[in-house]
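A structural walkthrough
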Amino acid sequence: MKTLRLLLGDQLNNKHSWFSKSDDSVIYLMAELRQETDYVKHHIQKVVSFFLSMRNFATDLKSKNHNIIYFEITDENNPHDLEKLIQNTISNHEITKFEYQLPDEYRLDEQLKSICRNLKIESEAFDTEHFFTTRLELKNFFDGKKMLLMENFYRMMRKKHDVLMHGETPVGNQWNFDHDNRLKYKGQVPVPDAKIFSKNVSNVIAQIQQANVITFGKIDENNFVWPTSREECLIQLDYFCTHLLKHFGDYEDASHTDQKFLFHSRLSFAMNTKMLSPKEVVDMVVAYYYKNNEEITISQVEGFVRQIIGWREYVRGIYWKEMPTYSKMNSLENHNKLPNFYWTGKTKMNCMQKAISQSLDDAYAHHIQRLMIIGNFSLLTQMHPDEVDAWYLGVYIDAIEWVELPNTRGMSQYADGGILATKPYVSSGSYINKMSNYCTNCHYSVKDKFGEKACPFNTLYWNFLDEKKHYFANNQRMAMMMNMLKKMNPEELYKIKVKANEIIENLDDY
């Protein structure tokens, strides 16, 4: 009797109960598939990091006497199709039972269900043993409620898992310190250098090129900041606690031309591939805070915990509650295409140039750069959410559909009509100026609404509000801006709209 167990590229959890002991009757199957490299065009660093992490994980399993079959991207016998891969392995090794861990992407979940229906042997699905919540826990929590407020979910999670709690009371006597986490970075404190994980990636890059996998973006073999093994992930987690945590909350919403990472943890790839579990990350960060609470304030650690135990679990719950219709939503009926500078970074808007170039160079941007700069501009220019989704899913190293889709289509583009966010996250240039130094040396003037040097964000913002005003007529959170729009001088609004249309029609000139 032989069992075949499939492991996907984001199921690298060496603490899973599957691996508690070795078993000669169990074979593990892993493969670098063109199916996965090609469903969207990915950043080169993303593909390299996934392959390295998968290979390191397979090596670790072998060292612990587990039987593993591994297909690299250039293997001649690699079918590059998941169903053929499974069927061939079952046939070649006389497998009597097939097992897999529940995928986190809807497309793979459906594909594996279909594959199992076509198998002539028994099959069984298992939990990944990674998340704080089950797939449907959020859906059940909000059953019968009109609003899916993340704050309510977050408080439940804090209580349920006893995180930063004194009995029923939150540490610091308040649940959320978001208002304390909005400082502009002006060099007040030095930012430690990013942790570098030196490794030879030239062989992996050569294999990707040999296989003719189409990628984009840059990769620097001598400046690789992404952990691709369990050991490196733990080093990065420790580095965050000891060097970055004490200032994380203060500057988590800030952006700066000279600082790509500021005090962000850069642990999302490690968690999204399951090399680190969210529980061990939260436990270590909270333990470090309790040990060093004279040096680290509650607002630093609460802001970080909220991102993981609150937001990360929340968007996953939204994904499984709303799929598959969620991926097709376009409630604001936006249809424009991405401009070329999303692939080159060549634009005169300094904030967009910095945020996009950083994304192309490093496969990374933090949440404010993604939401309030690139996402904000994408929504103000009324780009089709399909286009925005594909770009975000491909460019960021941590982008797997369960986390990318709600953040992009919901939070960023408001294409879900308010399922996730209570209002669209749009702003004029003033917010960007408040939270960054991007506006200081920009070609455009952040103070002007129209004219040759007017900040495009200003012009586009008021045009967007006017274009979409019927969508927000009953939105209480938009009431103040709608009232300001009504009071605007008609001649000024006309000039703004003319300029906005010119910008949208000639985006690559701006």
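That block above? That's the structure.
Residues numbered from 1 in each chain as written. Predicted model: local features only at pLDDT ≥ 70, side-chain atom pairs only at ≥ 80, totals over all residues. Heavy atoms only, no water.

**Details of the packing of aromatic side chains**
- This structure, assessed with the given rule, holds 34 aromatic pairs.
- Measuring from centroid to centroid gives 6.4 Å for Tyr106 and Trp320, while their planes differ by 45 degrees, and the two rings are tilted. With Tyr106 in helix α4 (residues 106-118) and Trp320 in helix α11 (residues 298-322), this residue pair connects regions lying 214 residues apart in the sequence.
- Residue classification places Trp320 among the buried residues on the basis of a relative accessible area of 10%.
- Ring plane angle 70 degrees and centroid distance 6.1 Å describe the contact between Phe141 and Phe153, whose orientation is recorded as edge-to-face. Of this pair, Phe141 sits in helix α5 (residues 137-141) while Phe153 is found in helix α6 (residues 150-161), placing the two residues 12 residues apart along the sequence.
- Judged by relative accessible area, Phe141 falls into the partly exposed class, the value being 22%.
- Here a set of aromatic residues connected by ring pairs shows up, and it is made of Phe341, Tyr342, Phe377, Trp391, Tyr392, Tyr396 and Phe457.
- Directly above the ring of Phe261 sits Arg266, whose terminal nitrogen or CZ lies 4.6 Å from the centroid.
- Directly above the aromatic system of Tyr396 lies the positively charged group of Arg370, at a separation of 3.9 Å from the ring centroid. (Phe/Tyr/Trp six-rings, centres within 6.5 Å; stacked < 30°, edge-to-face > 60°. Helix = DSSP H or I, 4+ residues; strand = E, 2+ residues; numbered from the N terminus. Buried < 20%, exposed > 50% of the residue type's maximum accessible area, 1.4 Å probe, protein only. Lys NZ or Arg CZ within 6 Å of the ring centre and 35° of its normal.)

**What about the pairing of strand β4 (residues 67-71)?**
- Among the five residues in β4, four count as buried, and that is most of the element.
- Relative to β4, strand β2 (residues 26-31) runs parallel, the two sharing five bridges. Pairing of Tyr28 across the sheet is with Ile68, part of β4. (Pairing = 2+ DSSP bridges.)

**Some details on the layout of surface pockets**
- Of the pockets and cavities examined, the second largest pocket occupies roughly 340 Å³.
- Considering the residues around the second largest pocket, the lining is formed by 21 residues, among which Ala194, Asn223, Val225, Lys260 and Phe261 are closest to the centre. (1 Å grid on protein atoms, 1.4 Å probe; cavity = no way out; pocket = protein on both sides within 12 Å on 5 of 7 lines; lining within 4 Å. Points joined across faces, edges and corners; volume = space filled by probe spheres on them.)

**Structural notes on the sheet that holds strand β6 (residues 122-126)**
- Taking strand neighbours across the sheet as the criterion, the five strands line up as β4-β2-β1-β5-β6 in an open arrangement whose pairing is parallel. Looking at the sheet topology across the chains shown, the edges are occupied by β4 and β6. Averaged over all neighbouring strand pairs, the angle between strand axes comes to 20 degrees, with direction disregarded.
- Of the pairings in the sheet, the one linking strand β1 (residues 3-6) to strand β5 (residues 97-101) comprises four bridges and is parallel in character. (Axes fitted to C-alpha atoms, helices over the stretch in contact; angles between N-to-C directions.)

**Let's talk about the nonpolar core**
- In this structure, Met30, Val48, Leu164, Val281, Val285, Val305 and Tyr314 are the most contacted members of the largest nonpolar core, which totals 97 residues.
- Of the residues forming this core, the biggest block, 11 residues, is contributed by α11.
- When residues no more than four places from it in sequence are discounted, the contact partners of Leu164 are Arg158, Pro170, Val171, Val286, Tyr289, Tyr290, Ile298, Val301, Glu302 and Val305.
- Leu380, Tyr396, Tyr414 and Tyr444 belong to the second largest nonpolar core, which has 52 residues in total. (Core = buried A, V, L, I, M, F, W, Y, C linked by side-chain atoms within 4.5 Å. Contact = heavy atoms within 4.5 Å.)

**Here's the deal with the side chain of Lys468**
- Topologically, Lys468 is positioned in the loop between α18 (456-467) and α19 (479-487).
- Notably, Lys468 is buried but unbridged: the nearest opposite-charge side chain belongs to Glu467, and the N-O separation is 5.9 Å.
- A distance of 2.9 Å separates a polar atom in the side chain of Lys468 from a polar atom in the side chain of Asn334.
- Filtering out sequence-adjacent residues up to four positions away, Lys468 remains in contact with Leu332, Glu333, Asn334 and Gln382. (Lys, Arg positive; Asp, Glu negative; His and termini not counted. Salt bridge = Lys/Arg side-chain N within 4 Å of Asp/Glu carboxyl O. Polar contact = N/O pair within 3.5 Å; in protein donor to acceptor, adjacent residues only side chain to side chain.)

**Observations concerning helix α8 (residues 230-248)**
- Between its first and last C-alpha, α8 extends only 23 Å over 19 residues, short of the 27 Å set by a 1.5 Å rise per residue.
- Largest kink in α8: about 50 degrees, centred on Thr242.
- All of the buried residues along α8 are Arg230, Glu232, Cys233, Gln236, Leu237, Tyr239, Phe240, Cys241, Leu244, Leu245, His247 and Phe248.
- Considering only its buried residues, α8 is in contact with α9 (268-272), α10 (278-291) and α11. (Expected span 1.5 Å × (residues − 1). Bend = angle between axes of the 7 residues up to and from the residue.)

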